[in-house]
Amino acid sequence: MSSLFSQEVPISWYLLLSAVLFSLGVIGFLIKRNLITVFMSIELMLNAVNLSFVTFAHEWHAVKGQIFVFFVMMVAAAEAAVGLAIIIAVFRARATLAVDRIDLMKL
Amino acid sequence: MNGYLYLWLIPLLPFAGFLINGILGRSLPRALVTTVAILAPLAAFGVVLNAAWALWSAHLPLPYVETCPVGWINAGTLHIGFSFVLDQLSLVMLLVVTGVGFLIHVYSIGYMGDEEGYSRYFSYLNLFLFFMTVLVLAGNALLMFVGWEGVGLASYLLIGFYFHKNSAADAGKKAFIVNRIGDVGFLIGMFLLLANFGTLTFSEIAAKLAYPGWQGGVVTVIALCLLLGATGKSAQLPLYIWLPDAMEGPTPVSALIHAATMVTAGVYMIARTHVLFDHSPFALGVVAIVGTATALFAAVIALVQNDIKRVLAYSTISQLGYMFLGCGVAAYSAAIFHLVTHAFFKALLFLAAGAVIHAIGGEQDLRKMGGLWKKLPVTFWTMTAAVFAIAGFFPFAGFFSKDAILYAAFAQGGSGRILWFVGLVTALLTSFYMFRLWYMAFLSKPSGKAAHPHATPLTMAVPLLILALLSLCGGWIGIERFSAFLAPATGARAVEAGNAHLELILSMAAVAVALLGWLLADLIYRQQPARAERMAAALPGCYKLLSNKFYVDEIYGATVVKPLLGVSKYLLGWVVDTGLLGGTAWLLAGIATFAGAILQRWQSGNLRSYAAWLAAGAAAVLLFVLVPWSTVWPASLEFIWKVAGH
């Protein structure tokens, strides 16, 4: 299996996939109006980064990258819990999840 | 006799009185306020008397110096401490300041008895004594300057004592501001002293001046700067204008500050720094001319004034002119002698005038007085003594001191004769206007309120009597003994009693002139009171010029005050303050506001716009880091070059 990864699929493909996934996340974050979709876009960006971490870890035989991925996943889980709780609170208060309407921080 | 004189108590006792009455006075009973206020100068006078006794009985070596162990200013080579010096000069001055000061405090009990602000009045009066004694005792110019400014402050506070009256508040401000001009001179003089002698201690300056080579030049400049300070404090030309207005204060204040003590500080200062003046004949000449001109000028104005206190104010200016004349002919001891006798009779004149004003309910216009001699016998007789003293009749005090100054001027020869002659004319005018006052207030027909004066309280009568005695006997010590006593402090160039024959002739001339003045006043104001008005009507221009005091206030207003106000308002106020400073501030604020107005659009509150900026920022950083600009730039420029068709 390892030979399949390392020899037949070049590293640039993984990185390209990671970049595409990240860009999709950014675009989703920027154009989507629903708060939950925005939230999912963030998760997508995190996982795109995770993919590039794993790729480099495998490429350079450095286990640090793998460990970092676990950290990211853990933070992402915590963030998901807090974020979803905030979203519920916002929905209860405002009865909407449209990001453009949640602009109380405006000067 | 342990030889320690506790000189520091002399200023600190009145200062304690000032603190007690100033802080607690309002809540203390009046009797206690009075006790504190009277005890402070009395105790200070006691300390001074003790010092005098030590000198008399134990032959204390003078000058005697007391220095505070803690220094004041220690910076590099500059060391200035709190040192009090007692020598013959400061002893004489202290006796006058605390002695006459004490009498005037006593008098004030009666005069201010039913006034508002009783404790405030006495606390200011004690404050004045504190600063005045500091001025007199100071062993260096800077400490003297502290007292100098302090008496100015006390004077300001007391002139403006009736501060609810606009004229009083204005007079206080005027005195303060005009004195500032003189003080600038004093300050510059001190800076020059520091720069050239490296010290401000009088004795060290004198020691350094003893070396040969100090003549004219910088010494003249220093002396003239000090003279400017003296003309401010002692109300000489051209800075005399504040003194007549200072009469807005209570009358005992006029007596103490604006006649007997503070205004003589300029004379004292010149005597104290006489070594400087001795090394500059030019500066001495200026002192003499300023003094003589002031004496004549003020005496001429005093001829037609109708306010009793203003007559006395101009006469004070005139008498101070005599003292400056004395200093100017290097007869410092004669000037100090006149200072002392003047303190007696001028304080008496003011106090007697105050008693008159008090008795007839605040009226100060001479034309509304009259016939008071029967109703106010004590005031009348004491005032008579003072009038004879100031006019220079033998054997009153003024005769001896004025004569000494005139003799010193005459003995100088040359231009001194001119000064003597002007001084003699001034003596004639002095005699005339003082007897005019005497006749108008006491001997003419009673009118108005003057018909029913109320009695003079005892606290006012006793100081009057003591001062009358001093005005009579104060001069009997004689100038020879006085100047011999002062010689160690004011230099040996005292009035030499060389030519007794000449002195007798000059004395007789002075008395004759005084008699002539009396005769003229008698002719005009007693025998034919209407004659004065006819004379005024015959010379309307002249009379108007005099009664408006030569329009000096108006001239100063037009040439100094108005341009200054104009510059302050338009150039400094509008151009510099509003335009330059305000404009800069507004410009800076405007830039910030404008930038904020643009940048605040970033703070839209829109989550997605923040994210977009974040992404754009990250992209920009990436671009900056990843693109090898050093190769891309030349390449892209080359590309553009080619595309453009080369």
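Residues numbered from 1 in each chain as written. Chains lettered and ligands numbered in written order. Predicted model: local features only at pLDDT ≥ 70, side-chain atom pairs only at ≥ 80, totals over all residues.

Novice: Sorry, what's going on with the overall build of chain B here?
Specialist: Summing up its helical and strand segments, chain B has 26 helices and 2 strands in all. Radius of gyration (C-alpha) of chain B: 33 Å, far over the 26 Å computed for a compact globule of 646 residues. Seen through its C-alpha atoms, chain B measures out along the principal axes to roughly 120 × 60 × 55 Å. Sequence separation of at least 24 residues holds for 81% of the intrachain contacts in chain B that already meet a minimum separation of 6. (Helix = DSSP H or I, 4+ residues; strand = E, 2+ residues; numbered from the N terminus. Rg over C-alpha atoms; globule rule 2.2 N^0.38 Å. Contact = placed C-beta atoms within 7 Å.)

Novice: Mind showing me how you'd approach the overall build of chain A here?
Specialist: Along its length, chain A carries 4 helices and 0 strands. Ordered by position in the sequence, the α and β elements of chain A form the string α-α-α-α. Considering chain A as a whole, with its 107 residues, one finds that 11% of them fall into the buried category. (Buried ≥ 20, exposed ≤ 12 C-beta atoms within 10 Å, placed from the backbone.)

Novice: I tried to follow unusual backbone geometry on my own but got confused; where do I start?
Specialist: Trans is the common state for peptide bonds, and a negative phi is the common state for residues other than glycine. Residues and elements named next belong to chain B. Cis peptide bonds are those with omega within 30 degrees of zero, and the linkage from Leu-237 to Pro-238 qualifies with 0°. Positionally, Pro-238 belongs in the loop between α8 (218–233) and α9 (242–245). A cis geometry characterises the amide bond from Phe-394 onward to Pro-395, with omega recorded as 0°. Examined against the element boundaries, Pro-395 turns out to sit in the loop between α16 (377–391) and α17 (397–411). Phi is positive for Ala-235, which is not a glycine, with a value near 55°. Tracing the chain through its elements places Ala-235 in the loop between α8 and α9. Although it is not a glycine, Phe-550 sits at a positive phi angle of roughly 60°. Exposure remark for Phe-550: the 13 C-beta atoms within 10 Å place this residue in the partly exposed category.

Novice: I keep staring at the interface of chain B and chain A and nothing clicks. Help me out?
Specialist: How big an interface is tends to be reported as the loss of accessible area on association of its parts. Contacts between the two partners involve 10 residues from chain B, matched on the other side by 11 residues from chain A. Its residues assigned to classes, the side of chain B that touches chain A shows 4 nonpolar, 5 polar and 1 charged. (Nonpolar A, V, L, I, M, F, W, Y, C, P; charged D, E, K, R; others polar.)

Novice: Which parts of the structure should I look at to understand the packing of helix α2 (residues 11–31) of chain A against helix α3 (residues 35–60) of chain A?
Specialist: Residue and element names in this part refer to chain A. The contact between α2 and α3 brings their axes to 8 Å, and the two run at 165°. Of the possible angle classes, the one that applies to α2 and α3 is roughly antiparallel. The crossing of α2 and α3 is left-handed. By residue class, the composition of the contact of α2 with α3 is 16 nonpolar, 8 polar and 1 charged. (Axes fitted to C-alpha atoms, helices over the stretch in contact; angles between N-to-C directions. Parallel < 35°, antiparallel > 145°, perpendicular 65-115°, else oblique. Left-handed = near helix turned anticlockwise from the far one by under 90°.)

Novice: Just checking my understanding: could you explain the confidence of the model for chain B for this structure?
Specialist: Predicted coordinates in areas of low pLDDT are best not read in detail. Looking at chain B, the pLDDT average stands at 87 and 97% of residues meet or exceed 70. The ipTM assigned to the predicted complex is 0.78, against a pTM of 0.78. (pLDDT = per-residue confidence, 0-100.)

Novice: Help me out: how do you make sense of α3 of chain A in this one?
Specialist: For an α-helix, the turn length of 3.6 residues means that residues three or four places apart are oriented alike. All names here are of chain A. Helix length check: α3 (26 residues) gives 38 Å between terminal C-alpha atoms against 38 Å at 1.5 Å per residue, within 8%. Among the residues of α3, those classed as buried are Leu-35, Val-38, Phe-39, Ser-41, Leu-46, Ala-48, Asn-50 and Phe-53. Next to the buried residues of α3 lie α2 and α4 (63–94). Trailing α3 by a residue or two, His-61 shows a phi angle of about 50°, which is positive. (Expected span 1.5 Å × (residues − 1).)

Novice: How should I be thinking about the nonpolar core in this particular structure?
Specialist: Nonpolar side chains in soluble globular proteins generally cluster together in the buried interior. Formed by 209 residues in total, the largest nonpolar core has its most connected members in Ala-335, Ala-347, Leu-348, Val-356 and Ala-386 of chain B. By residue number, the principal contributor to this core is helix α15 (residues 332–359) of chain B, which donates 20 residues. Beyond its immediate sequence surroundings of up to four residues, Val-356 of chain B is in contact with Ile-308, Met-369, Leu-372, Leu-376, Thr-379 and Ala-441 of chain B. Formed by 5 residues, the second largest nonpolar core is a distinct cluster that contains Val-26, Phe-29, Val-38 and Phe-39 of chain A. (Core = buried A, V, L, I, M, F, W, Y, C linked by C-beta atoms within 7 Å.)

Novice: Mind showing me how you'd approach the environment of Thr-341 of chain B here?
Specialist: All names here are of chain B. Along the chain, the position of Thr-341 falls in helix α15. Through-space distance from the C-alpha of Thr-341 to that of Phe-396 is 9.3 Å; in sequence the pair is 55 residues apart. Leaving out residues up to four positions away in the same chain, Thr-341 has contacts with Ala-397, Gly-398, Phe-400, Ser-401, Gly-474 and Gly-475.

Novice: What am I meant to see in the pairing of strand β2 (residues 78–86) of chain B here?
Specialist: On a regular strand, one side chain projects to one face of the sheet and the next to the other, so that they alternate. Residue and element names in this part refer to chain B. Looking at chain direction, strand β1 (residues 64–75) and β2 are connected through 8 bridges and run antiparallel. Following the sheet pairing, Val-65 is matched in β2 by Val-85. The loop that links β1 with its antiparallel partner β2 comprises 2 residues; one of these, Gly-76, has a positive phi angle of about 60°. (Pairing = 2+ DSSP bridges.)

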